Amino acid sequence: MSEISKTTQEQGKFVYGEEVINYDIVRLSKSCHTVVSNSLKAKARKVVIKVHPDQRVVATAPSDATPEAIQEAMLKRARWIWESIVEFSTQQEYVLPRQYVSGETQFYLGRRYVLKVIIDPKQTPKVKLHRGKLTVTFKKDCDERAVKIKALLDKWYIHRANAVFHERLQAMLSKASWVKGLPSFRIMVMKKQWGSCSTKGNLMLNPHLIKAPKECIDYVILHELCHIAEHNHSDRFWRLLTQVMPNWKEVKAKLDDMAELYLNE
């Protein structure tokens, strides 16, 4: 599959209100024009602006675009750029190390639940989801309180992940006609992947995925089931995924936007 080659050495800046916003300029190299389709050529003539989660601003422009033309494009979208930077900055402020105390929130199937910690010597250590609260009960307070609460929550999440993932896998099999039988899967914490599929068709799913909405779980499972037919990311793979889940790009974007919060331990 051909890719558009890119080079970057330039930077620019503009003023919005009282703020100076710096941006990188990525230029499409001239050689790329011989391999891109007509639709991509039309898109390549425009300046494409992206604000990254780390608040970097990048302008991708044709090789012959003047700095003035790029600056004009940036100024036209100055308000959107600034609002995106502020939004990402705010998100980072909320991604703080968990203390595992009452009042914090935990995610489950896309919803936030308030954590409630109860110390009761007469109760068996447990986690219970009830009426908008995720209640953790254990017998006595100690210096390793946060560690113990996290261990109980991790165990609960894995238990729920096993049940929900099995249910969603069976539901998604009706869409994956190329899969014969029920594929095996196991739960494994991964830092950079939601799931994977071995060459033998065995699935591996990240337990943190249980914190996402069911449609995101379905997307990851379908993605991995498509790898049973196409064990790569070729054009055929993406066509197959689009066939079984036409809105996968929107669902993936939703999962990507919340990934940092779901993975925050």
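Note that this is a predicted model, so its numbers are computed, not measured.

Undergrad: Give me the lowdown on the overall build of the protein, citing residues and values where you can.
TA: Within the protein, the regular secondary structure consists of seven helices and 11 strands. Across the 265 residues of the protein, 39% fall into the buried class. Partitioning the intrachain contacts of the protein with sequence separation of at least 6 by distance along the chain shows that 51% fall at a separation of at least 24. For the protein, the accessible area works out to roughly 16200 Å², and carbon and sulfur atoms hold 51% of it.

Undergrad: Any details on the pattern of salt bridges? Residues and values, ideally.
TA: Following the criterion strictly, the structure yields 10 salt bridges and no others. A salt bridge links Arg-79 to Glu-83, with the shortest nitrogen-to-oxygen separation between them at 3.1 Å. Linking Arg-79 with Glu-83, this pair stays in helix H3 (residues 78-94), spanning four residues, or about one helical turn. By relative accessible area, which is 57% here, Arg-79 ends up exposed. Here Asp-256 ties to Lys-252 by a salt bridge, and the two come within 2.8 Å at their closest N and O atoms. Of this pair, Asp-256 and Lys-252 both sit in helix H7 (residues 248-263), four residues apart, which is roughly one turn of the helix. Its relative accessible area of 40% is what places Asp-256 among the partly exposed residues. Salt bridges linked by common partners bring Glu-167, Arg-168, Lys-214 and Asp-218 together as one network.

Undergrad: Summarise the environment of Cys-216; cite the residues concerned and give the values.
TA: In this structure, Cys-216 sits in helix H5 (residues 214-229). For Cys-216, a relative accessible area of 1% translates into the label buried. Here Cys-216 is in contact with Leu-209, Val-251, Lys-254 and Leu-255, once residues within four sequence places are set aside.

Rules of the game
- Residues numbered from 1 in each chain as written.
- Predicted model: local features only at pLDDT ≥ 70, side-chain atom pairs only at ≥ 80, totals over all residues.
- Heavy atoms only, no water.
- Helix = DSSP H or I, 4+ residues; strand = E, 2+ residues; numbered from the N terminus.
- Buried < 20%, exposed > 50% of the residue type's maximum accessible area, 1.4 Å probe, protein only.
- Contact = heavy atoms within 4.5 Å.
- Areas by Shrake-Rupley, 256 points an atom, 1.4 Å probe, with all protein chains shown as cover.
- Salt bridge = Lys/Arg side-chain N within 4 Å of Asp/Glu carboxyl O.

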